[in-house]
Amino acid sequence: MEYPHNIVEQKINDLSLKMVGVEHTPKFYIKYKSFFEKEVKRAHYLFIEDCFIEDAERDKKFYSKILDLANPNEPVYVTEDAELWQVGADLLQAAAGLTLVGLGISHSRRRFLNFAASFLLLKGTFSGVFSNDLGEDVTIDDAISYGSLVDFRNLISAVNLEKIVKKENLNGNGLLLIGYHHVHGISAYLRNPLLRKKR
């Protein structure tokens, strides 16, 4: 059975990292259990995402099954350590955009400007989804696309992966299991340190 989501292999210093996109459901785990068993066994280090926003309980059930496969003597790293205020700020940006859309549908110049501002706020909030999490190519859009929660989590994950690998001096094989919509965005940030600094 062919695995349905993105798998990207990338080097971080001496670590060969395999990033595997997943769906955080017990049903998905059961369907691809033999794939996960093989990949976890092959890895010297396991990286997972934090379960702190939507469907956290469901995500924890998925990752607890993955952790049951891991060697108890090998470390498991969490790629995200974002502060809740940062997440809250992103969600407030989305709320502000939606509110301005609600107020902005009118013929007055001021209302039109409100509508335009709301569009930009929403564009920033959801751009990671609209641009396929930065996809394989980073374009001029990268200058204005930061602001989506997905994009923010991709950035945090990439920065933390690099920090962990350097600090722990990791080498060999690493496995990152993360929501499938994050894989290309994290990969783009890992390949492009300049883009990470801009963010």
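Here, every reference points to the structure presented above.
Scoring rules and cut-offs
- Residues numbered from 1 in each chain as written.
- Predicted model: local features only at pLDDT ≥ 70, side-chain atom pairs only at ≥ 80, totals over all residues.
- Heavy atoms only, no water.
- Phe/Tyr/Trp six-rings, centres within 6.5 Å; stacked < 30°, edge-to-face > 60°.
- Buried < 20%, exposed > 50% of the residue type's maximum accessible area, 1.4 Å probe, protein only.
- Salt bridge = Lys/Arg side-chain N within 4 Å of Asp/Glu carboxyl O.
- Helix = DSSP H or I, 4+ residues; strand = E, 2+ residues; numbered from the N terminus.
- Pairing = 2+ DSSP bridges.
- Axes fitted to C-alpha atoms, helices over the stretch in contact; angles between N-to-C directions.

Caption draft 1: Representation of the packing of aromatic side chains. Considering all chains together, one arrives at 12 aromatic pairs under this definition. Aromatic pair Tyr-29 and Phe-36: ring centres 5.9 Å apart, planes at 5°, arrangement stacked. Comparing Tyr-29 with Phe-36, the two get one shared label, buried. When the centroid spacing of 5.1 Å and the interplanar angle of 80° are considered together, the rings of Phe-62 and Tyr-63 count as edge-to-face. Owing to a relative accessible area of 0%, Phe-62 belongs among the buried residues under this scheme. We classify Tyr-63 as buried; its relative accessible area is 3%. Connected via pairs of aromatic rings, a cluster forms that spans Tyr-3, Phe-28, Tyr-29, Tyr-32, Phe-35, Phe-36, Phe-62 and Tyr-63.

Caption draft 2: Inspection of the pattern of salt bridges at higher detail. Applying the stated criterion across every chain yields a total of six salt bridges. With its nearest N and O atoms 3.2 Å apart, the salt bridge here joins Lys-18 to Glu-39. Here Glu-39 lies in helix H2 (residues 33–42) and Lys-18 lies in strand S2 (residues 15–22), a separation of 21 residues in the sequence. Exposure remark for Lys-18: the relative accessible area of 11% places this residue in the buried category. Owing to a relative accessible area of 4%, Glu-39 belongs among the buried residues under this scheme. Here Glu-39 makes a salt bridge to Arg-42, at a shortest N to O gap of 3.9 Å. Taken together, the residues Glu-39 and Arg-42, both in helix H2 and three residues apart, mark about one turn of the helix.

Caption draft 3: Summary view of unusual backbone geometry. Positive phi, normally seen in glycine, also occurs at Asn-13, with a value near 55°. Here Asn-13 is to be found in the loop between strand S1 (7–12) and S2. On the basis of relative accessibility, which here comes to 47%, the residue Asn-13 falls in the partly exposed class.

Caption draft 4: Representation of the pairing of strand S3 (residues 45–48) in the model. Residues Tyr-45 and Phe-47 of S3 are buried on one face, and the alternating residues Leu-46 and Ile-48, pointing to the opposite face, are buried as well. Summarising the sheet, S3 and strand S5 (residues 172–179) pair through four bridges and their orientation is parallel. Along S5, the bridge assignment pairs Phe-47 with Leu-176. Bridging between S3 and strand S4 (residues 76–78) involves three bridges; their strand directions are parallel. Its bridge partner being in S4, Leu-46 is matched across the sheet by Val-76.

Caption draft 5: Looking closely at the sheet that holds S4. Across the sheet, which stays open at both edges, the five strands sit in the order S1-S2-S5-S3-S4 with mixed pairing between neighbours. The strands lining the two open edges of the sheet, one partner per strand, are S1 and S4. Direction aside, neighbouring strands of the sheet carry axes that sit 25° apart on average. Looking at chain direction, S1 and S2 are connected through six bridges and run antiparallel. Following the sheet pairing, Gln-10 is matched in S2 by Leu-17.

Purely spatial values, then, with no claim about function.
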